[in-house]
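Per-entry structural report
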Amino acid sequence: MKPVFILNGPNLNLIGQREPEIYGRQTLADIEQGLRQQALAAGLEIDFRQTNHEGELTGWIQEARDAACALILNAAAYTHTSIAILDALRALSLPVVEVHLSNIFKREEFRHRSFVSPAATGLICGFGPQSYQLALAAIIAMVQSSDSSNRGIHG
Ligand code: CA2
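With respect to helix α3 (residues 54-67)
For α3, spanning 14 residues, the distance from its first C-alpha to its last is 20 Å, which sits close to the expected 20 Å at 1.5 Å a residue. Tucked inside the fold, the buried residues of α3 contact β1 (4-8), β2 (46-50), β3 (70-74) and α4 (83-90).

Looking at unusual backbone geometry
Of note in the backbone geometry, N11 takes a positive phi value of approximately 75° without being a glycine. Even without being glycine, A76 reaches a positive phi, approximately 50°. Within the secondary structure, A76 is located in the loop between β3 and α4.

Observations regarding the pattern of salt bridges
Applying the stated criterion across every chain, the model contains five salt bridges. For the salt bridge of D47 with R49, the shortest nitrogen-to-oxygen distance reads 3.0 Å. Linking R107 and E108 is a salt bridge whose minimum nitrogen-to-oxygen distance equals 3.9 Å. Given a relative accessible area of 19%, R107 falls into the buried group. Each of D47, R49 and E63 takes part in a single network of salt bridges with overlapping partners.

Here's the deal with the site of the ligand
For the ligand, the set of nearby residues contains 16 residues, the closest of which are N74, H80, L101, S102 and R111. Contact distances for the ligand include 2.8 Å between an oxygen atom and a side-chain N or O atom of N74. Alone, the ligand offers 510 Å² of accessible surface; in the complex the protein occludes 91% of this. For the shell around the ligand, a count of residues per class yields eight nonpolar, five polar and three charged.

Considering the environment of P118
You can see P118 is positioned in the loop between β4 (96-100) and β5 (122-125). Remark: the alpha-carbon pair of P118 and L89, spanning 29 residues in sequence, is separated by 9.3 Å.

What to know about the packing of α3 against α4
As a packed pair, α3 and α4 sit with axes 9 Å apart at the nearest point and diverge in direction by 5°. What the angle tells us is that α3 and α4 run roughly parallel. In this structure, α3 uses E54, L57, T58 and I61 to contact α4, whose residues at the interface are A84, I85, A88 and L89.

Calculation notes
Residues numbered from 1 in each chain as written. Predicted model: local features only at pLDDT ≥ 70, side-chain atom pairs only at ≥ 80, totals over all residues. Heavy atoms only, no water. Helix = DSSP H or I, 4+ residues; strand = E, 2+ residues; numbered from the N terminus. Expected span 1.5 Å × (residues − 1). Contact = heavy atoms within 4.5 Å. Salt bridge = Lys/Arg side-chain N within 4 Å of Asp/Glu carboxyl O. Buried < 20%, exposed > 50% of the residue type's maximum accessible area, 1.4 Å probe, protein only. Near = heavy atom within 4 Å. Polar contact = N/O pair within 3.5 Å; in protein donor to acceptor, adjacent residues only side chain to side chain. Areas by Shrake-Rupley, 256 points an atom, 1.4 Å probe, with all protein chains shown as cover. Nonpolar A, V, L, I, M, F, W, Y, C, P; charged D, E, K, R; others polar. Axes fitted to C-alpha atoms, helices over the stretch in contact; angles between N-to-C directions. Parallel < 35°, antiparallel > 145°, perpendicular 65-115°, else oblique.

This is the structure in structure tokens:
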């Protein structure tokens, strides 16, 4: 089985150190560690990455077309600005879960628009680091149900 790509956009490397009142006290490495355990328990692999560069994030989304079974994406500020990321997502035929630590709809107006949502299977936001765990749980359920339907009901 191919890994689940978990891709993170700009400034997410700073969480846990700055603005804890918005993003919590866990670092991105803490979140990654929890997701690794969750994936392991479900027999899945994850490929967890962060970048501050739009082009790199776009390239990783393209890479997911052949290299991933599903994508969890926190595009951070590029969520609200990037048509390049929307176009790359449109070229995918995988489950895509958009995640945000904060509830973007409770925040400034400019965070209410997402260029990721129209290309996503679903969106989870507002639960802090748990947003990622809920997204992975959704992917695990989707991957396992498509796996069992491929194998037939008696496996
Ligand atoms: O809530 C989320 O997960 C966001 O994707 C986080 C982004 C923000 O631009 C989105 O609107 C919502 C910000 C990433 C972290 O940025 C920091 C900036 C300063 C200090 C710490 C983190």
